[in-house]
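# Residue-level structure breakdown
Now for the letters of each chain:
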Amino acid sequence: MRAVMVVGMVLLLPGLVLAGNRTGRVVDAQTGAPLVGADVYLQHSRVGTTTDSLGWFQLTITREQWRDTLVVHFLGYRELRLPVVALENQALLRLQPVALKAGEGIEVWGEKQELVRQDIPHARSTIHFEEITAYGSQEISDVLKTVPSVRITGNDLDGRRMEIRGSNADEVNVYLDGILINNLRLDNAADLSLISPEDIGRLEVLKGGNYSLLGSGAFGGVVNVVTRRSMERRFRLKAKMGNLHTRILLGEINLPVSQRMVVNYFGQYHRLSPEVEYFPLEQFSDKTENKQITTERQNHHLSLSFFPQNGQWTARLLSYSYTYRKPGWEDRNNNLVGALSFRGNLPGIRDVEMMINQFTVRDRVDRVTEGTTHYLSDYRVKRVNARLAKKFTGSSWEVQTLTEYFHEELSQNSRSRSEDREVPLYRADVYDNRIAGAAVFSATDQLSSRPGLSWKTYLGIRLDALASGQQDLTHTVGVRLTYRQKEWEYAPYFNFGKNVKYPSLLEAAYVRELVDFSRRDSLARRLEPEYNNSTDIGVRVKQIPEQGVYREMEMSLSVFTRTVYNKLLKQPYGNELANFQLGRNVTRGLEAALSWKELYEYFTVQLAYLKLNVSEPLLYAYKPEESFSAQLRFRSSAGWYGTATVFYEGNSVAWYYDLENHLRTKTLSPFYDMDVVVGWRFPLIGITVHIQLAGYNLLDHAGYRYDYLKKRYVQISLGVRY
Amino acid sequence: MNAMLRMLLLFLLFFLTSCEKYVGYNLDAEPLPVTVRISGSVRDFYTNQPLEGVRVRFGDYQTSTDQSGFYQLDYPYGTDEERNKPVELLVILKKYLPFHESVILPPITYIRDFRLVRGAPIIQKVVLPPFTTNSGRQIYVCQAQVKDYQGVVDIQLVEALVYYQFPGNPHLSKYRKELTLVYELSDTTAYYEGIFPPFLSDGSTIYRRYEIYAVNRSGLADTLVALRSPTQPDTFLFTPVLDDTIPEIVP
């Protein structure tokens, strides 16, 4: 209605229209909330853009285009059309929501209500399914090589663990479609093996240490993995073969069972002989070779999505299991995630997210040292998480609230078994509960005298309370500015805040005798939480030239500092190893990224750089002082594609105490290596065939010396898709 | 509807209060065993005597045996050991063949006894009595009984170092000479003999103190420092097998 009024008013004043730029803002007609990512284009000349995080867009209109029609399209809303001449500068375009067609809800509720999108502004990198398949790797570590500040370490036994901006792996929260999958095992780090790279639709990395909604304890950052979902009927099968006796078979079925319901199953079998032992103390030195090791991994993911009129229900079951065998030693590990969630509008309540999930891990080890005695260990952990989130929206403000409940429990049981009898060796059962409430207020404002300039300020608060007694109130602030001029967009941001990380159940249960010199009895009974103060200032610059050799250029730069204190420190004290909670570390860094998309039509270039300064390598060991990666992608219209990536890691330093309690330094020398992938996709009797040849760490410079995942690996794969 | 809601609430309340596990906490666990206690004894392989001062080394950690040959060590048991990483084990005592092995340690306790093989020769008996030859010259005969468990053939060298003294001068001269094998008592034990003059060319006369040194092919050696009785001459171990090449003047 209002759009018609705008059109009418402007038609009366055609004389005011001049050639040049037009900015505008697309909002929901009912709530006034900005619509992010709406398509704004000229119908006949087919030029266009999308709206930014505040709903703003900008178009450069040439003389001929004044007779064209402007189309504003956003899934879930009625399309808006108006003559270009009717478009005022800084026009407010209100889109009417409509009842959704089947399947459209997938993207709408995902985009509108993803909690990580409501949080304080941070540096963000995103990888999409197409890039992941083009990279071909079975290891998520390879795929993430081009993302600035992200590093993956680990293996099957320790899990594939992600570090962001020189953090430790337990300081990164990983969410799979909103479910926290940080493991409760040895430490609190998430095992990314839980998700097969081929099952990922989109992977977002949010870097920085202060979040209110989903980043409790995430001093390094938050990772949000969104699995592939759509309403199309899809079938996919792929087989891969590589050295280290690798065999991989994976398949996916996406089946819409009705207009409003879709079932998706993804399964993967992966076999490998790593040929080296995974001994933690050998992680950064020569490794013991063992050709008799075999590992088998299986991923299964079944999800059922149902789309009523105004929302999306999802039920899912995800399992990841592995078996690791060598003579005299066997580990069987099973992970199971079950979740039920709803996103959307309930009768009378808008923008609600509800979720309940349970995550269990069971790890069984059977080992023989000498003779016939078996040592059995059975380790079980469970987390129950319930969440309720609601968003309140005003014309220029938003409040995202969140309430969460966590139940975590752990039981450990080990025994020895000889031919005729079992002897219990050790048993433990511990549990704790936590509740949290958080809210992020944000307000948008703009300067009427300067079109194209707007900003959004954020304030976040969070309260955590543990059943075991600890309570913390943390807060964060942030601001993001957006300035648009012709084909350029500048978006500087700033954030500052405090974050708290609670000791994992294992730490809370076992690290008890703490040495604390500030107390009279010098022994603190319990571990205290770790705290982090961090600030981040950065800018993202984007250019979409009207003409040029590339379609889009994006540049980002950010400077950050992070102070962590209350870190647990194990130090020889007398003849024993004592626990101190005095550790304080300051990490400073600079992160930069530069990319050109569709350079000379066929190429994409991506460069990433990170410079780090860690004050206490005793607490943060082996963080490369510098890392750099460069990637060149080629994609032809005939289905050929290729990717070449070179990467470099500078000196990594660690401090440690030797047996005589002397502080020592160990430095790993820099290395570089490269990955090359070529592939071809072509149609054949109604299906798409995909052949790919890939090589990772081709120069083998890191070899055995560095990390488990950094060995030369060559793979060939064949896939079919329907 | 209202009744149902009430039922639901009641059920929830019941659930929450009955399951302390879902509202309370328990963080009391018995301390996790973080070391494995390694203990045992070390004895001589041939004599079964306990050996004292034996260095027993597991990985980076070591200890030594007491008088009764016992040792005990608390070895930090980490993830590497849990994953069956072999630990290098080394048992060392001077004059004994070192024992080396890779072991996979079990959790909690590990008991291991060792019997070390004496590698070095053993100088069992030694004498240095005076003897008058048929030609009337007085000499000293050094006789030694040396044992080597690896066999007499393994003994490479047995030599004696005899001290000579100037009257009224504290300075001692030395005369070193290899002893020759004269008789095999068994596969492992043999007699050795050598002849020494009563005085050297520089005028010094034989002193009470002398040393015997024996070494075998493994490079392991035994040394014995002996003193002649000033009053009572030593008795011969066996009838001397004299050699005519007695040097008149010693360099």
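Residues numbered from 1 in each chain as written. Chains lettered and ligands numbered in written order. Predicted model: local features only at pLDDT ≥ 70, side-chain atom pairs only at ≥ 80, totals over all residues.

By size, the foremost hydrophobic cluster in this structure holds 57 residues, and its most contacted members are Met-162, Val-172, Val-174, Tyr-175, Ile-181, Val-223 and Val-225 of chain A. Filtering out sequence-adjacent residues up to four positions away, Val-172 of chain A remains in contact with Met-162, Glu-163, Ile-164, Ser-167, Ala-190, Ala-218, Gly-220, Gly-221 and Val-223 of chain A. Counting 25 residues, the second largest nonpolar core, distinct from the first, contains Cys-142, Val-146, Tyr-192 and Ile-206 of chain B. (Core = buried A, V, L, I, M, F, W, Y, C linked by C-beta atoms within 7 Å. Buried ≥ 20, exposed ≤ 12 C-beta atoms within 10 Å, placed from the backbone. Contact = placed C-beta atoms within 7 Å.)

Within a sheet, neighbouring strands are paired by backbone hydrogen bonds and run either parallel or antiparallel to one another. All names here are of chain B. Ordered in space as β3-β2-β5-β6, the 4 strands form an open sheet in which the pairing is antiparallel. The strands lining the two open edges of the sheet, one partner per strand, are β3 (61-64) and β6 (99-103). Between one strand and the next, the sheet's axes are offset by a mean angle of 15°, whatever the strand orientation. The pairing of strand β5 (residues 87-92) with β6 spans 5 bridges and is antiparallel. Bridge assignment links Glu-88 to a residue of β6, and that residue is Ser-102. (Pairing = 2+ DSSP bridges. Helix = DSSP H or I, 4+ residues; strand = E, 2+ residues; numbered from the N terminus. Axes fitted to C-alpha atoms, helices over the stretch in contact; angles between N-to-C directions.)

Turning to the interface of chain A and chain B, a few remarks are in order. By convention, interface size is frequently given as the accessible area that disappears when the constituent parts associate. Residue-level contacts link 26 residues of chain A with 23 residues of chain B. Residue assignment for the side of chain A that touches chain B shows that the elements contributing at least two residues are β23 (397-417), β24 (422-446) and α5 (505-510) of chain A. Examining the composition of the side of chain A that touches chain B, we find that 7 residues originate from one element, β24 of chain A, more than from any other. Along the lines of polarity and charge, the residues of the side of chain A that touches chain B split into 16 nonpolar, 5 polar and 5 charged. (Nonpolar A, V, L, I, M, F, W, Y, C, P; charged D, E, K, R; others polar.)

On to the environment of Asn-345 of chain A. Residues and elements named next belong to chain A. Take Asn-345: it is sitting in strand β20 (residues 329-346). A tally of 15 C-beta atoms within 10 Å means that Asn-345 is categorised as partly exposed. Sequence separation between Asn-345 and Ala-386 is 41 residues, and the spatial gap between their C-alpha atoms is 18 Å. Setting aside its immediate chain neighbours within four residues, Asn-345 contacts Asn-310, Gly-311, Arg-350, Asp-351 and Val-352.

A separate point is the domain arrangement of chain A. Residues and elements named next belong to chain A. Per the domain assignment, the segments making up chain A are domain 1 (2-95) and domain 2 (224-721). Computed from C-alpha coordinates alone, the two centres of domain 1 and domain 2 are separated by 39 Å. Of the residues lining the interface, 12 residues belong to domain 1; the matching set on domain 2 comes to 14 residues. When residues of the side of domain 1 that touches domain 2 are traced back to their parent elements, those giving at least two are β1 (20-28) and β4 (56-61). Of the residues contributing to the side of domain 1 that touches domain 2, the split by class is 3 nonpolar, 8 polar and 1 charged. (Domains from an automatic or database assignment.)

So, on to the domain arrangement of chain B. Examined at the domain level, chain B breaks down into domain 1 (35-116) and domain 2 (122-227). On a C-alpha basis, the centroid separation for the pair domain 1 of chain B and domain 2 of chain B is 38 Å.

On average, residues of chain B carry a pLDDT of 87, and 95% of them reach 70 or more. Note on the complex model: pTM 0.82, ipTM 0.77. (pLDDT = per-residue confidence, 0-100.)

All names here are of chain A. Checked against the element boundaries, Ala-29 lands in the loop between β1 and β2 (39-42). For Ala-29, a count of 16 C-beta atoms within 10 Å puts it in the partly exposed group. Here the alpha-carbon distance between Ala-29 and Glu-626, two residues 597 residues apart in the chain, equals 48 Å. Look past the residues within four positions of Ala-29 in its chain and what remains in contact with it is Arg-94, Leu-95 and Gln-96.

What follows concerns the environment of Ile-206 of chain B. All names here are of chain B. For Ile-206, the location among the structural elements is in strand β16 (residues 205-216). For the pair Ile-206 and Tyr-164, spaced 42 residues apart in sequence, the C-alpha to C-alpha distance is 4.3 Å. Not counting chain neighbours up to four residues away, the residues in contact with Ile-206 comprise Tyr-140, Val-162, Tyr-164, Phe-196, Pro-198 and Phe-199.

What follows concerns the sheet that holds strand β13 (residues 200-207) of chain A. Residue and element names in this part refer to chain A. Reading across the sheet, the 5 strands line up as β8-β13-β14-β11-β12 and stay open at both edges, with mixed pairing between neighbours. Every other strand in the sheet has two partners, leaving β8 (123-128) and β12 (179-180) as the edge strands with one partner each. By the bridge criterion, 2 bridges tie strand β11 (residues 172-176) to β12 in an arrangement that is antiparallel. Bridge pairing in β12 places Leu-176 opposite Ile-179.

Here the focus is the pairing of strand β19 (residues 311-326) of chain A. Residues and elements named next belong to chain A. Note that strand β18 (residues 294-306) and β19 share 13 bridges and pair antiparallel. Within the sheet, the bridge partner assigned to Ser-303 lies in β19 and is Arg-316. Connecting the antiparallel pair β18 and β19 is a turn made up of 4 residues. As judged from the 16 bridges shared by β19 and β20, these two strands associate in the antiparallel manner. Across the sheet, Trp-313 pairs through a bridge with Phe-342, a residue of β20. Linking β19 back to β20 in an antiparallel pair, the connection comprises 2 residues, with Gly-328 at a positive phi of about 85°.

Turning our attention to the pairing of strand β5 (residues 69-73) of chain A. All names here are of chain A. By the alternation rule, side chains of β5 split into Leu-70 and Val-72, which are all buried, and Thr-69, Val-71 and His-73, of which none is buried. Where β2 lies against β5, 4 bridges are found, and the strand directions are antiparallel. Paired with Asp-39 across the bridge in β5 is His-73. Direction of pairing for β5 relative to strand β6 (residues 80-83): antiparallel, over a ladder of 4 bridges. Each residue of the ladder has a partner; that of Thr-69, found in β6, is Pro-83.

Our focus in this paragraph is the confidence of the model for chain A. Residues and elements named next belong to chain A. Across chain A, the average pLDDT comes to 85, with 91% of residues at 70 or higher. When mean pLDDT is taken per element in chain A, strand β33 (residues 603-614) scores highest with 94 and helix α1 (residues 2-12) scores lowest with 47. The model gives residues 5-18 a pLDDT under 50, and that stretch makes 11 contacts with residues more than four places away or in other chains.

The next thing to look at is unusual backbone geometry. Most peptide bonds adopt trans geometry, and most residues besides glycine take a negative phi value. Residue and element names in this part refer to chain A. Despite not being glycine, Asp-177 has its phi angle at roughly 50°, a positive value. Using a count of 23 C-beta atoms within 10 Å as the deciding quantity, one classes Asp-177 as buried. Unlike most non-glycine residues, Glu-601 shows phi in positive territory, near 70°. Structurally, Glu-601 can be placed in the loop between β32 (576-599) and β33.

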